[in-house]
Amino acid sequence: MFIEQMIAGVPSSSIEAMVIPFERIVILTGAGLSAESGLSTFRDKDGIWSKVRLEDVATPEAFARNPEKVLDFYNTRRNNAGDVKPNAAHVALSRLEADYPGSVLTVTQNVDPLHEQAGTKNLIHLHGEIQKVLCNHCGHRIPRGGDLSVDLVCDRCGNSGGMRPDVVWFGEMPYHMEKIHAALTQCDLFLSIGTSGNVYPAAGFVAEAGAAGAHTVELNLEPSAGISSFDEAIHGKATEVVPAYVDRLLKSG
Ligand code: OAD
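Residues numbered from 1 in each chain as written. Predicted model: local features only at pLDDT ≥ 70, side-chain atom pairs only at ≥ 80, totals over all residues. Heavy atoms only, no water.

Undergrad: Is there a simple way to think about the overall build of the protein chain in this case?
TA: Each helix and strand in the protein chain was counted, giving 10 helices and 9 strands. Here the C-alpha atoms of the protein chain give a radius of gyration of 19 Å, agreeing with the 18 Å that 2.2 N^0.38 yields for 253 residues. When its C-alpha atoms are laid out on the principal axes, the protein chain stretches across 60 × 35 × 30 Å. The proportion of buried residues among the 253 residues of the protein chain is 49%. Considering only intrachain contacts with a sequence separation of at least 6, the fraction spanning at least 24 residues in the protein chain is 66%. Carbon and sulfur atoms make up 51% of the accessible area of the protein chain, which amounts to about 11700 Å² in all. With 21 positive and 31 negative side-chain charges, the protein chain shows a spacing of 4 Å between the two charge centroids. (Helix = DSSP H or I, 4+ residues; strand = E, 2+ residues; numbered from the N terminus. Rg over C-alpha atoms; globule rule 2.2 N^0.38 Å. Buried < 20%, exposed > 50% of the residue type's maximum accessible area, 1.4 Å probe, protein only. Contact = heavy atoms within 4.5 Å. Areas by Shrake-Rupley, 256 points an atom, 1.4 Å probe, with all protein chains shown as cover. Lys, Arg positive; Asp, Glu negative; His and termini not counted. Charge placed at Lys NZ, Arg CZ, Asp CG, Glu CD.)

Okay, here's the thing in structure tokens:
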């Protein structure tokens, strides 16, 4: 495991002494957290966006142009998400929420259900949930297994052709932004885990939390696009660095 401590002028040996109990923690997670559960990331070498153009499958225009293609793409991802289990990093974050004396809010860009399966309760799915379905005609939103098709009829409005995965596409507004902004301006520790920092608004959360006075830490396989905005960075696999960091926080608390 490669651990890179980015606090200017502070030797690694004094890191334990730097840790203080934080009262309000906000955690942002991304695809790297679920990678070791077996779900593909987006921008790594063999990631999802190396195989398919996001403009063809992850925009409202793509769904209007070719709904079958979009639904096929998400049906595969819905099936994959149903086949995997939370890993040690999801479990560690759930343990942090349960055992830490301060508040812990997890905001995930991931549409898989692995945080909740690991036991995390104070959770926001910023980019939606792949195992739910949203009716484009009336906004009805329901959990639903199985494949989606253009023939599927909405239980509420009775229309077909609009049943889509309840995920946020490029060009759409991510969910629960007011609640997230409020939490970011009040937190004193912000953790960003397993995300490349390429997609806004999530990529801007570190700046928002930092401007409000929070200590900001990146835990990722490699430096993200926003690395210079963080006070501290720990680089390695999520299943190794996240449980170790959670242990450190729980000891401090
Ligand atoms: P990315 O694929 O852009 O970034 C994943 C990050 O995880 C990369 O920086 C990897 O280095 C890191 N990573 C890979 N394996 C890891 C591991 N085992 N442990 C720790 N880190 C690891 O995914 P996101 O940043 O989540 O949005 O992508 C953000 C958004 O872009 C997604 O929510 C999705 C996508 O397009 C929409 O579809 C709207």
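Having seen the model, we can carry on.
Undergrad: I'm lost on the side chain of R77 in this one. Help?
TA: If you trace the backbone, R77 turns up in helix 5 (residues 67-83). Although R77 is buried, it makes no salt bridge; D112 carries the closest opposite charge, 7.3 Å away. Here R77 is in contact with F42, I48, V111 and I130, once residues within four sequence places are set aside. (Salt bridge = Lys/Arg side-chain N within 4 Å of Asp/Glu carboxyl O.)

Undergrad: I would appreciate a short explanation of the sheet that holds strand 2 (residues 103-108) in the present structure.
TA: Note on sheets: strands pair through backbone hydrogen bonds, and any given pair is parallel or antiparallel. Spatial strand order, 3-2-1-7-8-9: 6 strands in an open sheet with parallel pairing. For this open sheet the edge positions go to strand 3 (123-125) and strand 9 (232-235), each flanked by a neighbour on one side alone. Averaged over neighbouring strand pairs, the angle between their axes works out to 15 degrees when direction is ignored. Here 6 bridges tie strand 1 (residues 24-29) to strand 2, and the two strands are oriented parallel to one another. Bridge pairing links L28 to V107 in strand 2. Helix 6 (residues 88-99) rests against strand 1, strand 2 and strand 7 (189-193) of the sheet, and its axis sits at about 160 degrees to strand 1. Contacts from helix 8 (residues 177-186) reach strand 1, strand 2, strand 3 and strand 7, with the element oriented near 125 degrees to strand 1. (Pairing = 2+ DSSP bridges. Axes fitted to C-alpha atoms, helices over the stretch in contact; angles between N-to-C directions.)

Undergrad: Would you explain the site of the ligand in this entry?
TA: Taken together, 24 residues form the shell around the ligand, and within it A31, F42, R43, T195 and S196 come nearest. Between the ligand and T195 there is a distance of 2.6 Å, counted from an oxygen atom to a side-chain nitrogen or oxygen. At 2.9 Å, a side-chain N or O of N220 approaches an oxygen atom of the ligand. With 3 residues, helix 2 (residues 31-35) is the single largest residue contributor to the shell around the ligand. Looking at the shell around the ligand residue by residue, the class counts come to 9 nonpolar, 10 polar and 5 charged. (Near = heavy atom within 4 Å. Polar contact = N/O pair within 3.5 Å; in protein donor to acceptor, adjacent residues only side chain to side chain. Nonpolar A, V, L, I, M, F, W, Y, C, P; charged D, E, K, R; others polar.)

Undergrad: Looking at this model, I keep getting lost on the packing of helix 6 against helix 10 (residues 238-252). Mind explaining?
TA: Between two packed helices, both the angle of their axes relative to each other and the distance between the axes serve to describe the pair. As a packed pair, helix 6 and helix 10 sit with axes 8 Å apart at the nearest point and diverge in direction by 15 degrees. Of the possible angle classes, the one that applies to helix 6 and helix 10 is roughly parallel. Judged by the twist between their axes, the crossing of helix 6 over helix 10 is left-handed. Here helix 6 contributes A88, A89, A92, L93, R95, L96 and D99 to the contact with helix 10, which in turn contributes A238, T239, V242, P243, V246, D247, L249 and L250. (Parallel < 35°, antiparallel > 145°, perpendicular 65-115°, else oblique. Left-handed = near helix turned anticlockwise from the far one by under 90°.)

Undergrad: Looking at this structure, how should I read the pattern of salt bridges?
TA: For side chains of opposite charge, pairing can occur when their charged atoms come near one another. This structure, assessed with the given rule, holds 6 salt bridges. Across the pair R53 and D56 runs a salt bridge whose closest N-O atoms are separated by 3.2 Å. Residue D247 pairs with R95 through a salt bridge whose shortest N-O separation is 3.0 Å. Here R95 lies in helix 6 and D247 lies in helix 10, a separation of 152 residues in the sequence. Accessibility expressed as a relative area gives 31% for R95, which makes it partly exposed.

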